Every structure is written in structure tokens, then in C-alpha cells.
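A closer look at the structure
What follows is each chain in one-letter form.
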Amino acid sequence: MNEQSIHEELAAVVAAQAPGLPAEKLDELAAAAAGLHISPETMQQILEAFDRVAEAVKEMARALMEAFKPIIDWAKKTAERFIEALAAGIVPRKWLHLAKHAKKARTRKKYRNRIRRAVFAALAAEGGGSS
């Protein structure tokens, strides 16, 4: 086999394994594989191994997200409680009640925004400036 036909076979293997790859990248991969004297069969095995590794990494990421979900939920709940405790000393109790229990979503949103603005204004007034 001549070098051109090996290059074409390698390009065909790469194109079959990665159909969305641009033509210039296909040629680069095929040229690199031909330069390393990799056969089309070996290239196929290498690409399949990369696919298996990618699937294993995705599965590991899913497992990690499931493992960290309780920790993330706890941190979120703790942060909400902290902000609520902070807001309790700054805004009227009526606002806190309406932010949670108002009948309309629009009213709940209105009071959540009022509380947020009041808390941020109080934090900014407490001296976040540098002098």
C-alpha cells in the first residue's frame, strides 16, 4: 500500500468515528496517524477507546453530581436561612411574611425584591468601602 491510500483509509476511519469533524481536522489526524505508522485498524481501536473513556468520564461526573447534591442542597438552605436571619433585623416582619405567603406570585416577588434591595443597601452602608 502506498502512503496516499493509507492516508485516505485513516481519514475514512476518523470520519466514520467523528462525523461532525471539519475536513481540515480529518486531514491533520490522518496525517499524524500516518506519520506514526498507525494502521487503520489500530486507529479505529484508538478512537473507540477514546469514546469509552469519554463515556466513563461522563458517568463519573454524573455520579459526583449525585454525591454532591445533598451538600449543595444543605449549603443552599443554610444560605437562605442566613439571608433570612439577616433580613429579619433590617426589614419589617410583614415584608418577610408577604414574601413567603402572599396569595399572588407577583406580590411575593415584589416583597422578595424589596427585601433583597434593603439587605444589600444595609450591607453597603455598613462599610464595604476601602479607605
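None of these values were measured; they are calculated from a predicted model. (Residues numbered from 1 in each chain as written. Predicted model: local features only at pLDDT ≥ 70, side-chain atom pairs only at ≥ 80, totals over all residues. Heavy atoms only, no water.)

**Section: the environment of Val14**
Here Val14 lies in helix α1 (residues 3-17). Separated by 63 residues in the primary sequence, Val14 and Lys77 have C-alpha atoms spaced 48 Å apart. Dropping the residues within four chain positions of it, Val14 is found in contact with Leu21, Leu26, Leu29, Met43 and Leu47. (Helix = DSSP H or I, 4+ residues; strand = E, 2+ residues; numbered from the N terminus. Contact = heavy atoms within 4.5 Å.)

**Focus: the packing of aromatic side chains**
For the structure on display, the rule yields 1 aromatic pair. Above the ring of Trp95, the side-chain terminus of Arg114 is found at 5.5 Å from the ring centroid. (Phe/Tyr/Trp six-rings, centres within 6.5 Å; stacked < 30°, edge-to-face > 60°. Lys NZ or Arg CZ within 6 Å of the ring centre and 35° of its normal.)

**Brief notes about the pattern of salt bridges**
If you walk through the whole model with that rule in mind, you get 4 salt bridges. Linking Lys58 and Glu55 is a salt bridge whose minimum nitrogen-to-oxygen distance equals 3.8 Å. Taken together, the positions of Lys58 and Glu55, both in helix α3 (residues 40-88) and 3 residues apart, correspond to about one turn of that helix. Overall, Lys58 belongs to the partly exposed group, its relative accessible area being 46%. (Salt bridge = Lys/Arg side-chain N within 4 Å of Asp/Glu carboxyl O. Buried < 20%, exposed > 50% of the residue type's maximum accessible area, 1.4 Å probe, protein only.)

**Some thoughts on the nonpolar core**
Judged by nonpolar contacts, Leu10, Ala11, Val13, Val14, Leu26, Ala30, Ala33, Ala34, Ile38, Met43 and Leu47 together constitute the single largest core of 11 residues. Of all the secondary structure elements, the ones that give two or more residues to this core are α1, α2 (23-35) and α3. Counting residues in each nonpolar core, the second largest holds 9 residues, with Ala87, Leu98, Ala99 and Tyr111 among its members. (Core = buried A, V, L, I, M, F, W, Y, C linked by side-chain atoms within 4.5 Å.)

**Notes on the confidence of the model for the protein chain**
Interpretation of this model should avoid reading the predicted coordinates in detail wherever pLDDT is low. Mean pLDDT over the protein chain stands at 86; residues scoring 70 or higher make up 94%. Mean pLDDT values over the elements of the protein chain span from 76, in α1, up to 93, in helix α4 (residues 93-101). (pLDDT = per-residue confidence, 0-100.)

**Comments concerning α3**
Helical geometry: 3.6 residues make up each α-helical turn, so side chains three or four residues apart lie on a common side. Taking 1.5 Å per residue, 49 residues should reach 72 Å; α3 reaches 69 Å between its end C-alpha atoms and fits that length. Bending of α3 peaks at approximately 40° at the position of Phe68, with proline Pro70 no more than four residues after it. Of the residues making up α3, those classed as buried are Pro40, Met43, Leu47 and Ala87. (Expected span 1.5 Å × (residues − 1). Bend = angle between axes of the 7 residues up to and from the residue.)

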